[in-house]
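Structural description and commentary
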Amino acid sequence: MKITVNNVALELHNGARVKDAIISYYTRSGQKIPKRLPAAEDRFGNRVAPDGELTEGNTLVIKSGPKRKTSFPKAIAILLSAGLLLSCSSTRQAGRTWDHVGHRGSSQTTGVHAGTTISAPSKTVPLADRQAVIFSVNDMHAAIDNFPKLAWIVDSLRTIYPDMLLIAAGDNQTGNPINDQYPEKGWPVIDLMNAVGFDLSAVGNHEFDTGPRGFSNLAGMANFRFICANLIPDKQFSLRISPYRIITLPNGLKIAFLALLQLGQNGIPDSHPDNVRNFVFRSPFETARDYMWLKDSSDIFVALNHLGFEEDVRFAETMPAGIDLIIGGHSHTRVEKEQIHNGIMITQAENKLKYGTLVKLTVSSDGKVSKSMQLIDIRNSKKEKPEIRAIVDRYNDNPVLNQVIATATDDFSSYEELGYLMADAQRAAAGADIALMNPGGVRIDQLPKGPVTIKNVYQLDPFGNELVVTKLSGGEIFSLLRAAWPVDDKSPLYTSGITTETRINGQGDPEEIKILTEDGKPLDMNRIYTVAMNSYMTQVYKYDHADPGQSLFFTTADALIRYLKQEGKIRSYRGEKRVRVTR
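A short tour of the structure in this document, coming up.

1. Let's talk about the sheet that holds strand β31 (residues 550–555)
- Ordered by their spatial adjacency, five strands build an open sheet running β27-β24-β30-β26-β31, and the pairing between neighbours is mixed. A single partner strand is all that each edge strand has here, and the edge strands are β27 (494–496) and β31. Pairs of neighbouring strands in the sheet enclose a mean axial angle of 25°, with direction left out of account.
- Those strands touched by helix α10 (residues 415–430) are β24 (434–437), β26 (466–473), β27, β30 (528–534) and β31, and its axis lies near 40° from that of β27.
- The sheet strands contacting helix α12 (residues 474–487) are β24, β26 and β30, and the helix crosses β26 at an angle near 125°.

2. Describing the packing of aromatic side chains
- The final tally for this structure, using the stated rule, is 16 aromatic pairs.
- Between tyrosine 25 and tyrosine 26, the aromatic rings sit 5.5 Å apart at their centres with planes inclined by 70°, giving edge-to-face as the arrangement.
- For tyrosine 26, a relative accessible area of 11% translates into the label buried.
- The interplanar angle of 80° and the centroid separation of 5.4 Å between the aromatic rings of tyrosine 182 and tyrosine 395 together place this pair among those described as edge-to-face.

3. A few points about the nonpolar core
- Formed by 86 residues in total, the largest nonpolar core has its most connected members in Phe135, Phe147, Leu150, Phe198 and Leu564.
- Residue contributions to this core peak at seven residues, all from helix α3 (residues 147–160).
- In this structure phenylalanine 147 touches Met140, Val189, Leu192, Met193, Val196, Phe198, Leu353, Ile388 and Val392, once residues within four positions along its chain are discounted.

4. Quick word on the pairing of strand β1 (residues 2–5)
- Alternating positions in β1 separate cleanly, Ile3 and Val5 being buried on one face and Lys2 and Thr4 remaining unburied on the opposite face.
- By the bridge criterion, four bridges tie β1 to strand β2 (residues 8–11) in an arrangement that is antiparallel. Counted as the bridge partner of valine 5 is valine 8 from β2.
- Turn length for the β1-β2 hairpin, with the two strands adjacent in sequence and antiparallel, is two residues, and the turn residue asparagine 6 shows positive phi of about 50°.
- In this sheet, strand β5 (residues 59–62) lies alongside β1 in parallel orientation, the contact comprising two bridges. Looking at β5, one finds that valine 5 is bridged to leucine 60.

5. Brief notes about unusual backbone geometry
- Residues other than glycine seldom take positive phi values, yet lysine 352 does so here, at roughly 55°.
- Of note, lysine 352 is situated in the loop between β20 (344–347) and β21 (355–363).
- Phi is positive for aspartate 489, which is not a glycine, with a value near 55°.
- Inspection of the secondary structure assignment puts aspartate 489 in the loop between α12 and β27.
- Given the relative accessible area of 68%, aspartate 489 is considered exposed.

Cut-offs used in this document
Residues numbered from 1 in each chain as written. Predicted model: local features only at pLDDT ≥ 70, side-chain atom pairs only at ≥ 80, totals over all residues. Heavy atoms only, no water. Pairing = 2+ DSSP bridges. Helix = DSSP H or I, 4+ residues; strand = E, 2+ residues; numbered from the N terminus. Axes fitted to C-alpha atoms, helices over the stretch in contact; angles between N-to-C directions. Contact = heavy atoms within 4.5 Å. Phe/Tyr/Trp six-rings, centres within 6.5 Å; stacked < 30°, edge-to-face > 60°. Buried < 20%, exposed > 50% of the residue type's maximum accessible area, 1.4 Å probe, protein only. Core = buried A, V, L, I, M, F, W, Y, C linked by side-chain atoms within 4.5 Å.

Here is the structure:
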C-alpha cells in the first residue's frame, strides 16, 4: 500500500501499521531509527497509536514535543477527582427489555438482512429538547487490565446519565496472551464486556481472529449485539450479527446504529484469509447507501464504523445527508477535539482502553441534532470497580502463560540455534519457500531441555511483529541479505530453506555472499520465491524488490506457538550451521 509520511511517499506491505510507516520513513530518509519511536498524527491533526492500522493513501506527520493532555468534562472531572461518585450496578436499570436468552432487544432477527429494535417502556415525552448520551471505546485489543477503571468511569457517568449507552467500535480481541491463549479463546474480553454492561459492538477485523466457529460462540455468549451491515456470515455458523440496531431511549428518542467493516485491497478485512473463508463482504460505502432509510426511522443516525479515521472522513464527505455521528475505530486515532466533516461528527478514542469518548446529542423540537464530544482518560483513572478487578485478577492468575506447549529434546545454547527455530516456525506458518529472521529479534540465547511454555515464547519474541510474506526473486533475496548486514551489526540473517556463506573484508563488510538451497544447489537468481519475515524487517532493510508483501495478520510469536504445539517435540539444533562467515 502507498502511504505518505512527512511528504515522503512510501510503499509498505499490505496490513502495515503506523510503526511500520515511521520505521520505513527513517530508513528511506537515511536517518537513524530512534530507540523510542516518535508520535505521529494524521493529516487532520489527530494523534495515532504506533500499532494503528493503515489503509491505502493514509497520510502521517511525525510530531515532536510534549504530549497533549486530555481533560474530563468539568462536572465529571470534579466528581471523579473528589471521589464523590460511588460505583453503581453496570446493569441498565430502566429503558431496556431483555429477551429470553439474556440479550437486549428482540431475538427474532439474527441474520444480516434484518435489523432489530430495542424498545423501552412507553413514557409521555414533552415536546422539548431531548438528549442521548453515548460513551464509546474502540480497538480494546484485550486490554483487560484497564476494564476495572472503565467500569468505575462508566458507573460514575451513569449516575449522571442513567440511560447512557456503552458502545464498542470493534477489535475487542487480540493483543493479550491471557485472553488470546485462553481455552475458550477471546472469552475473557466478552465476559468483562458483559459485566460492564455494553449495549452494542461493531465487528472489527480482529473479531475473526478466533475463527468462524470461535466468533460464532463468542457472539452467542455476549449480552450485547454485534452489528455489521457489509458482512454476510457463513451459513454453516449461526452467527448472531445484525446489520443495524435501533434503540429507543426512555425519553422516546430513537437511535439507529449502522455498523460497517473495513476491507483491504483483497476484498476481505485485515485478517488471515482462513479466518474469513466462506464469508461474503460488500463495499462499506455501497452498503451504507442501502441503509440510508434508517434516517427516516430514527431521530439520531449513528454510523458505527471500523474503517479508520481517514476513511471515515471520506465516508462523511460522500454519503447522502442523514448521518449525525460516526463512532470510529481501526486506525487507533485519538480524537481530542471536535472533528466535523460535512456536518457529521467523527470520534475515535485511540486503543486498548486508554481513552473513551463521551458524546451528547440533543434533539430539538424541530428535529435538529446538536452534538458535543469529550475525550475521557481511562488509563490514568485512580479509581477502579472492585468487582471487575476481581474478575480481571482471576483471569490474570490463570496459568495460561505457564502452559506447556512442547518439549525441547535438547538444550538451546545460542541466539543462532533459537533463530533457526523461529525461522522454521515462520516458514511453516506462512507455507513459504524461505524464511529469514533478524538477529536482533531473538531476545534470549538459552532454552533448556525439557518443557517449553507460552511464556518462553514471549520471552524469545516479545515485539508483537506480524508475519509478512513477500514474493522475491533470487536476485532480490541477495539484495536483501546485503542490505541487512549493516543494519544487524554486521551479522547474517538466520535462515530456513536456504543456507548462506558470507565472505567479509578487513572492515567486516561482505565481499561475496553465496546462497544455497536445502539440497545444496545455488539459489536461482531469476526464480520467484515466497519469503516469510517479520514486519520490522520489511520496513528497515533498503533492498531491491517489486512486491511490498502481505501481512498474514498474526504475530511471529503466534506462528511459533502454533508450530511448537504442532511439533510437540522440538528436535535438537545443536551444532547446526545454516549461516557461515569467512574472511
